[in-house]
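In case you want the letters, here they are:
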Amino acid sequence: MEVSIIGSGTMATGITQVLCVNDQVTKINLIARNDNKALLAKAVCEKSISRLVRKGKLTEAQSINALEKIYPSSLLSSVIASDLVIEAVAEDFIIKMELFSELYNYVKGSTIIASNTSSLSITAFGSVLPNSKNVVGLHFFNPAPVMELVEIVVGHETSEDVVQYLKVFTQNLGKSPVVVQEAPGFVVNRMLIPMINEAVSILAEGIATAVDIDKAMKFGAHHPMGPLALADLIGNDVNLSIMETLYSETGDPKYRAHPLLRKMVRANHLGRKTKKGFFEY
Ligand code: 3HC
């Protein structure tokens, strides 16, 4: 099958890496805002794939075959022959809606259009596409090559056929899918991001240092990494955006973003991607 992945960030490159080594996928159009970004995104995949070769998890021949499937592009029209499009651009409702409205011109009604959104409405995205029955959430977790879960998010119009198709597709990628009805934050982020927000509150109140907050959750709750290191891995801009969605969609004050999280974003302390967040990289 032919897949298009739109985006050039952590999730787009991670998903590309997962798909290119899989036999179900024969071609991937990796579509970014400009040629340079698309080429850089492919280079990121090349680096990860070469690490897998060094570790003996992939042969040289398998890696060449995987990378040959990836076609970087800056043209949205490259999606034209795709069976599946996966959007993984910035977590911003307006940006995504504009993208889907433009995509309307290039996709066939039979193409499945999936969004990797962390919390936004699949139903709204479907409303500007030719066939809302084929619009669905396909939410991978970071780092996509490592995390087993994929949330398949069912919008108001999403068809059962599409859900079943993606269940099989993701299982064949080696993932463990769960089906989730559309709701702000779906399942994981509705719990995980408020936990991170609470860790920010604990830090802001001076109850413990960032190192000790993380140590507490690693050794007291067996989390693989502490909530503040996880915040830096996800990106504080994404954490803030998800808190804003939870709050605006529900109106529930328990989802209020902590002012320190907002301040971190304003200071561009986004985490690993800017080399500074709750920790330095
Ligand atoms: N890309 C590819 N592979 C990676 C990776 C990355 N960015 N980071 C780590 N790995 C691989 C390593 O190569 C290693 O592979 P190996 O076992 O084959 O050698 C394996 O993962 C373990 O890595 P490390 O030994 O370096 O480190 P850890 O054992 O500490 O694991 C971790 C790192 C997998 C990130 C682990 O700490 C973890 O699971 N953390 C929690 C991550 C999490 O909760 N993610 C979800 C975030 S929420 C989200 O994504 C939703 C979004 O909408 C906000």
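Residues numbered from 1 in each chain as written. Predicted model: local features only at pLDDT ≥ 70, side-chain atom pairs only at ≥ 80, totals over all residues. Heavy atoms only, no water.

1. Notes on the overall build of the chain
When you go through the chain residue by residue, the secondary structure sums to eleven helices and eight strands. On C-alpha atoms alone, the chain measures out to a radius of gyration of 19 Å, which is about the 19 Å that the 2.2 N^0.38 rule sets for 281 residues. C-alpha extents for the chain along the principal axes are approximately 55 × 45 × 35 Å. For the chain, with 281 residues in total, the buried portion stands at 49%. Within the structure as shown, the chain displays about 13400 Å² of accessible surface, and the carbon and sulfur contribution to it stands at 54%. Here the chain carries 27 positive and 28 negative side-chain charges, and the mean point of each set is 6 Å from the other. (Helix = DSSP H or I, 4+ residues; strand = E, 2+ residues; numbered from the N terminus. Rg over C-alpha atoms; globule rule 2.2 N^0.38 Å. Buried < 20%, exposed > 50% of the residue type's maximum accessible area, 1.4 Å probe, protein only. Areas by Shrake-Rupley, 256 points an atom, 1.4 Å probe, with all protein chains shown as cover. Lys, Arg positive; Asp, Glu negative; His and termini not counted. Charge placed at Lys NZ, Arg CZ, Asp CG, Glu CD.)

2. Concerning helix α10 (residues 236–250)
For α10, with 15 residues, the first-to-last C-alpha span of 21 Å sits near the 21 Å given by 1.5 Å per residue. Buried residues of α10: Asn236, Val238, Asn239, Leu240, Ser241, Ile242, Met243, Thr245 and Leu246, and no others. Buried residues belonging to α10 abut α7 (188–204), α9 (227–234) and α11 (259–266). (Expected span 1.5 Å × (residues − 1). Contact = heavy atoms within 4.5 Å.)

3. Considering the pairing of strand β6 (residues 135–140)
For β6, the tally of buried residues reaches six of six residues, placing the bulk of the element in the interior. Two elements, strand β5 (residues 112–115) and β6, share three bridges in a ladder whose sense is parallel. Counterpart to Ala114 in the pairing with β6 is Val136. For β6 and strand β7 (residues 149–154), the ladder comprises four bridges, and the chain directions are antiparallel. For Gly137, the partnering residue across the bridge sits in β7 and is Val153. (Pairing = 2+ DSSP bridges.)

4. Points about the packing of aromatic side chains
Two measures describe an aromatic ring pair: the distance that separates the ring centres and the angle between the ring planes. Following the criterion strictly, the structure yields two aromatic pairs and no others. Ring geometry for Phe93 against Phe125: centres 6.1 Å apart, planes inclined by 25°, an arrangement best described as stacked. You can see Phe93 sitting in helix α4 (residues 93–103) and its partner Phe125 sitting in helix α5 (residues 122–126), a full 32 residues away along the chain. Using a relative accessible area of 0% as the deciding quantity, one classes Phe125 as buried. With 4.8 Å between their ring centres and 40° between their planes, Phe100 and Phe125 make a pair best called tilted. A residue pair is termed long-range when its members are at least 10 positions apart, and Phe100 in helix α4 and Phe125 in helix α5 qualify at 25 residues. Aromatic ring contacts, followed pair by pair, group Phe93, Phe100 and Phe125 into a single cluster. (Phe/Tyr/Trp six-rings, centres within 6.5 Å; stacked < 30°, edge-to-face > 60°.)

5. Here we look at the sheet that holds strand β3 (residues 70–73)
With mixed pairing, eight strands are arranged side by side in an open sheet as β3-β2-β1-β4-β5-β6-β7-β8. Each having just a single partner strand, β3 and β8 (176–181) make up the two edges of the open sheet. Here the strands of the sheet are splayed against their neighbours by 25° on average, with no regard to which way each runs. Helix α1 (residues 10–20) contacts β1 (2–6), β2 (27–31), β3, β4 (84–87) and β6 of the sheet and is inclined by roughly 165° relative to β1. (Axes fitted to C-alpha atoms, helices over the stretch in contact; angles between N-to-C directions.)

All we've got here are geometric facts, nothing functional implied.
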